[in-house]
Amino acid sequence: METIINIYCDESCHLPNDNQRAMVLGALWCFKAKAKTHNQKIADLKAKHRLSPFFEIKWTKISSGKLDFYSDLVNYFFDKRTMGFRAWVIPDKTVLIHDDYNQTHDEWYYKMYFYLLRNLIFRDRKYHIYLDIKDTRSRKKLQKLQDVLRNANYDFSWEIIERIQHVHSHDIGLMQLADLFIGAISYHARGLSSSAAKNDIVQLIKERSGLSLTRNTLPSERKFNICIWRPNSRGFENA
């Protein structure tokens, strides 16, 4: 049995004062042994659609002229059993009152990342976790997340989470694919509909997943897992 799993993580609208209500954390996983094949297939799809091998797949780049390419990417993901995706959606950051829970926005952010990843990590497997590097604070954020995950899993000898590191998304097709799904869920969560091409991709994801993208899936759902998080009087709901 393949025991090593790669997890590619990214986020959208995560800053406290970015004038965006909804925030999405996402993680795309695949078996390490299949990662090279998947990345090559993504490169092949770029070639098929006459895109540069250096073209970076991003939600913000979806247009009518590239709709067939992005549709092929979505269909490729759903056709493969060796990949899955999980999203942690915060519909409205403006309702957060961190002082009530004696926490900073950063501390809350790590809790959200922990909840995103905890349903993907099992003690009988090993994990290589990759995060897109974004800013000068990325190294500190990675170290904190590493400590949280390893402590939660009693993985003090690094036997479960073997590797957690930053990568540049433009180097890895699977990281770019994670950005695509995170962007789609964020777009939908914010109630946007101004782009016909993006609307088509959201609809395709709904059709292939069988989900509305507005309700929780079962925690055990492996292919396309969504949790909509809302705070309540106890501090956390749907966690």
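Look a little higher up for the structure.
Residues numbered from 1 in each chain as written. Predicted model: local features only at pLDDT ≥ 70, side-chain atom pairs only at ≥ 80, totals over all residues. Heavy atoms only, no water.

Draft legend 1. Examining the overall build of the protein more closely. The helix and strand tally for the protein stands at six helices and six strands. Starting at the N terminus and walking to the C terminus, you meet the elements of the protein as β-β-α-α-β-α-β-α-β-α-α-β. Taken across its 239 residues, the protein has 50% of its residues classed as buried. Here the contacts in the protein between residues at least 6 apart in sequence split such that 72% fall between residues at least 24 apart. Accessible surface, the protein: about 12,100 Å² in total, of which carbon and sulfur atoms supply 49%. (Helix = DSSP H or I, 4+ residues; strand = E, 2+ residues; numbered from the N terminus. Buried < 20%, exposed > 50% of the residue type's maximum accessible area, 1.4 Å probe, protein only. Contact = heavy atoms within 4.5 Å. Areas by Shrake-Rupley, 256 points an atom, 1.4 Å probe, with all protein chains shown as cover.)

Draft legend 2. Looking closely at unusual backbone geometry. For Arg50, which is not glycine, the phi dihedral falls at a positive 60°. Mapped onto the elements, Arg50 comes out in the loop between helix 1 (32-48) and helix 2 (67-79). Look at Arg50 and you get exposed, because its relative accessible area is 81%. The phi angle at Leu213 is positive, at roughly 70°, despite the residue not being glycine. Tracing the sequence through the fold places Leu213 in the loop between helix 6 (196-209) and strand 6 (224-228).

Draft legend 3. Representation of the environment of Ala189 in the model. Topologically, Ala189 is positioned in helix 5 (residues 173-189). Beyond its immediate chain neighbours, meaning those up to four positions away, Ala189 contacts Ala22 and Val89.

Draft legend 4. Highlighting the packing of helix 2 against helix 5. Put simply, helix 2 and helix 5 touch, their axes get as near as 11 Å, and they point 100° apart. With respect to their mutual orientation, helix 2 and helix 5 come out roughly perpendicular. Listed contacts from helix 5 to Tyr70, Leu73, Val74, Phe77 and Phe78 of helix 2 are Leu177, Leu180 and Phe181. In terms of residue class, the contact of helix 2 with helix 5 is made up of eight nonpolar, no polar and no charged. (Axes fitted to C-alpha atoms, helices over the stretch in contact; angles between N-to-C directions. Parallel < 35°, antiparallel > 145°, perpendicular 65-115°, else oblique. Nonpolar A, V, L, I, M, F, W, Y, C, P; charged D, E, K, R; others polar.)

Draft legend 5. Quick look at the nonpolar core. One finds Leu28, Phe181 and Phe224 to be the most contacted residues of the largest nonpolar core, which totals 46 residues. At the level of elements, strand 2 (23-31), helix 1, helix 2, strand 3 (83-90), helix 5, helix 6 and strand 6 are the ones that each hand at least two residues to this core. Apart from residues lying up to four places away in sequence, Leu28 is in contact with Asn6, Ile7, Tyr8, Phe77, Met83, Gly84, Phe85, Leu174, Leu177, Ala178 and Phe181. In terms of nonpolar packing, the next biggest core, distinct from the first, is built from 31 residues, Cys9, Met23, Ala27 and Tyr115 among them. (Core = buried A, V, L, I, M, F, W, Y, C linked by side-chain atoms within 4.5 Å.)

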